[in-house]
Amino acid sequence: MSPFLFWVFALLTLIFGATVVVNRNPVASALSLVVSFLGLAALFMSLDAFFVGIIQVLVYAGAVMVLFLFIIMLLNLQAEARRQINWLAAAGGTGVAVVLLVQICFVIRHIRAAQQTFPPLANPTTDDVRNIGAALFSNYNLPFQIVGVLVLVATIGVVLLSRREPR
Amino acid sequence: MDSFFIITSLLKIIGILFVVILPMVSYAVYAERRVSAFIQDRLGPNRVGPAGLFQPIADMFKLLLKEDFTPRAANTFYYWLAPCLAVMPAIITIAVVPFGSTLFGVPMVIADVNVGILFVFAIASLGVYGIVIGGWASNSKYPFLGGIRSSAQMLSYELSLGLAVVPVFMVVGNLQLTSVVRYQIAHGWFIAAFVGDWINPWKWLLAVPMIISFFVFMIAIFAETNRLPFDLPEAEQELAGGYNTEFSSMKFALYFLGEYAAMITGSAVVVTLFFGGWHFPGIPDGSHGWIFGLINIAVFFTKVTVVIFFFMWIRWTLPRFRYDQLMRLGWLFFFEIALVNIFLVAAILPFIRP
């Protein structure tokens, strides 16, 4: 992947990430987040991580954001677009973002692994789906099962909470 | 990345888009009207040209020359964006489908990525935005209801769509669509897994979950492409046309184009996964001469046409489901059937692999 494409997709991700926050219209914010996810997926693919990139699109852009839009449209959040800007909160949020950015720069400067460029893959047509599957079900089997149980608990909790009380 | 690769890829993209998909879309609309007329014992459009064959051209001029009206209450930017969002995903998904073997040594697939089927699902799932945004931006009740219905329907049926194809990839052991076709050439098409290996009882047993998988996938594709009996987002009798009510002229045509393009790519995926792709028994692949390469492409699109005809046949035969029935079917039946089917294949698989 050429550096040019990297800059295009990195800028796409960042600019639309910013418009998520800046936009006053909730639907426009949600759509900006979708474009941001697509840019992120392209960046993953530039690292030859096709599986992670595609899952990014499939799960976040294709399913989670559709649910977000569904809820935003059903609730019809008109009040959000008219609300006054809370300047104190805006300044606080910007401050946190700046501190995070400075931290990241600091870490990158002081860790040696972050400064070298990675060697290209030995075999560019590696089957990353197979690799991820093998890693999940051999080395990381226990954490994987625990995460599965956690998700199941969350699902059961949602069903329990959304159930109507019998009168 | 050499220039030969770039030039052949461009030729493939232009060829598949402008020579195959777009003419196929316009003639699919014509075929839909003729097939519906045939089923209902009418004549259908037969005035323009021989047997009405120039009807799509007349339709196109009519749609282009109509007044392009934007409702005053509509959100203009999204109103313009939505029809484009409806068309693009349907056309992009064809990129990973192998539509032929080789032609002059060039593989007849635009992008042979190793996550083939996931790419199809990921891009197809973006198609819902065109409908949802269209319904919302029109700022009108019925299109809005159509958009809401569409988002719920697509989310529900994506699950069964994804789970239904898992058995195919468990047997193949790879997500790449070209290797699915290669496996089917060597071991028989998935719709009839026992062909070529008649005496092996396990192959006969494998055919059972494969046919279940085929039916669930086919039904989920109907729901994903908003075709009758699952066209709830545009149910004419309840929603006056649904999400595309407020759209006119070329924007309406783009929605139509998107629907039919989604149907064609859906059929292409079905053919690739279950009907052996470009393979036909007795016809060698493109390495035996360019004429066989062309025949392979023709075989593939003939199969796609047959599946499209099946789509139309169903549309003009079955009545529409009610919305709660649609949701019940998706969550209480197809989801479970597809899930159990995976375990069935997993139980049979050790006896098939040598």
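How each quantity is defined
- The numbering scheme is per chain: residues are counted from 1 as the chain's sequence reads.
- As they are written, the chains are lettered A onward and the ligands numbered 1 onward, keeping that order.
- Local features in this predicted model are restricted to residues whose pLDDT is 70 or higher, and side-chain atom pairs enter the listing and the counts only when it is 80 or higher, whereas totals over whole chains, interfaces and linings include all residues.
- Strands here are runs of E lasting at least two residues and helices are runs of H or I lasting at least four, both read from the DSSP assignment and numbered beginning at the N terminus.
- The globule rule used here is 2.2 Å times the number of residues to the 0.38 power, and the radius of gyration it is set against is calculated over C-alpha atoms.
- Think of it as a crowd count around each C-beta: if 20 or more other C-beta atoms lie within 10 Å the residue is buried, if 12 or fewer it is exposed, and in between it is partly exposed, with C-beta placed from the backbone throughout.
- Distance between backbone-placed C-beta atoms decides contact: two residues are in contact if it is within 7 Å.
- Along the chain, pLDDT gives the predictor's confidence residue by residue, from 0 to 100.
- Where each domain begins and ends is defined by an automated method or by a domain database.
- All axes here are fitted lines through C-alpha atoms, helices being fitted over the stretch that makes contact, and every angle between N-to-C directions spans 0 to 180 degrees.
- An angle counts as roughly parallel when it lies under 35 degrees, as roughly antiparallel when it exceeds 145, as roughly perpendicular when it falls between 65 and 115, and as oblique in every other case.
- By definition, turning the near helix anticlockwise from the far helix through less than a right angle yields a left-handed crossing, and turning it clockwise yields a right-handed one.
- Polarity classes work like this: nonpolar for Ala, Val, Leu, Ile, Met, Phe, Trp, Tyr, Cys and Pro, charged for Asp, Glu, Lys and Arg, and polar for all others, with Gly in that last group.
- Expected span of a helix: the number of residues minus one, times 1.5 Å.
- Two axes are fitted around each residue, one to the seven residues ending there and one to the seven starting there, and the angle between them is reported as the bend at that residue.
- Here, a nonpolar core means buried Ala, Val, Leu, Ile, Met, Phe, Trp, Tyr and Cys residues linked by C-beta atoms lying within 7 Å of one another.

Asker: Looking at this structure, I do not really get the overall build of chain B. What am I missing?
Answerer: Scanning chain B for helices and strands turns up 11 helices and two strands. Along chain B, helices and strands appear, N-terminal first, in the series α-α-α-β-β-α-α-α-α-α-α-α-α. A globule of 354 residues ought to have a C-alpha radius of gyration of about 20 Å, and chain B, at 21 Å, matches this closely. C-alpha extents for chain B along the principal axes are approximately 65 × 50 × 50 Å. Residues classed as buried in chain B amount to 47% of the 354 residues present. Summarising the internal contacts of chain B: among those between residues at least 6 apart in sequence, 77% fall at separations of at least 24.

Asker: Explain the confidence of the model for chain B to me, please; I cannot follow it from the model alone.
Answerer: The predicted coordinates of low-pLDDT regions are not to be read in fine detail. Counting all residues, the mean pLDDT for chain B is 83, and 96% of those residues have values of 70 or more. Among the scores for the predicted complex, ipTM is 0.79 and pTM is 0.85.

Asker: What's the story with the domain arrangement of chain A in this structure? I'm lost.
Answerer: Interface size is commonly expressed as the accessible surface area that is lost when the partners come together. Its domain assignment divides chain A into domain 1 (3–126) and domain 2 (129–167). The straight-line distance from the C-alpha centre of domain 1 of chain A to that of domain 2 of chain A is 25 Å.

Asker: Just checking my understanding: could you explain the packing of helix α3 (residues 50–75) of chain A against helix α5 (residues 141–172) of chain B for this structure?
Answerer: Each packed pair of helices is defined by two parameters, the angle between the axes and the distance between the axes. Packing of α3(A) against α5(B) brings their axes to within 10 Å, and their N-to-C directions diverge by 150°. With respect to α5(B), the axis of α3(A) lies roughly antiparallel. Of the two elements, α3(A) crosses α5(B), and the hand of that crossing is left-handed. On α5(B), the residues touching A63(A), V66(A), L67(A), L69(A), F70(A), M73(A) and L74(A) of α3(A) are I148(B), S151(B), A152(B), L155(B) and E158(B). Residues that form the contact of α3(A) with α5(B) fall into these classes: 10 nonpolar, one polar and one charged.

Asker: Is there a simple way to think about helix α1 (residues 3–39) of chain B in this case?
Answerer: Residues spaced three or four apart along an α-helix face the same direction, because each turn holds 3.6 residues. All names here are of chain B. For α1, built from 37 residues, the straight-helix expectation of 54 Å at 1.5 Å per residue is met to within 8% by its first-to-last C-alpha distance of 51 Å. The sharpest bend along α1 comes to roughly 30°, located at L17. Inspection of α1 places K12, I16, V25, A28, Y30 and R34 among the buried residues, and these make up the whole buried set. One or two residues past the end of α1 sits D41, with phi positive at roughly 60°.

Asker: Quick question: what am I supposed to make of helix α2 (residues 26–46) of chain A here?
Answerer: Helix length check: α2(A), at 21 residues, gives a terminal C-alpha distance of 31 Å against a target of 30 Å (1.5 Å per residue), a fit within 8%. Immediately beyond the C-terminal end of α2(A), within one or two residues, lies D48(A), with a positive phi of roughly 65°.

Asker: Quick question: what am I supposed to make of the packing of helix α7 (residues 201–224) of chain B against helix α9 (residues 249–274) of chain B here?
Answerer: All names here are of chain B. Here α7 crosses α9 at 170°, and the two axes come no closer than 11 Å. The angle between the axes of α7 and α9 places the two elements in the roughly antiparallel class. Residue-level contacts link F214, F217, M218, I221 and E224 of α7 to G266, V270 and F274 of α9. Grouping the amino acids of the contact of α7 with α9 by side-chain chemistry returns six nonpolar, one polar and one charged.

Asker: Hey, could you run me through the nonpolar core in this one?
Answerer: Within soluble globular proteins, side chains that are nonpolar generally end up buried alongside one another. Counting 121 residues, the largest nonpolar core has I54(A), L118(B), F119(B), F217(B), A220(B), A261(B) and I264(B) as the members making the most contacts within it. Non-local contacts of I54(A), meaning those with residues more than four positions away in its chain, are made with V115(B), L118(B), F119(B) and A122(B).

Asker: Just to check I follow, could you spell out the environment of I264(B) for this structure?
Answerer: Among the secondary structure elements, I264(B) is positioned in helix α9. Each C-alpha atom, one on I264(B) and one on V166(B), is 22 Å from the other, the two residues being 98 residues apart in sequence.

Asker: How should the interface of chain B and chain A be read in this particular structure?
Answerer: Counting from both sides, the interface comprises 18 residues of chain B and, opposite them, 18 residues of chain A. Elements supplying a minimum of two residues to the side of chain B that touches chain A: α4 (116–137) and α5 of chain B. Considering every element that reaches the side of chain B that touches chain A, the biggest residue donor is α4(B), with nine residues. Of the residues belonging to the side of chain B that touches chain A, the class tally is 14 nonpolar, three polar and one charged.

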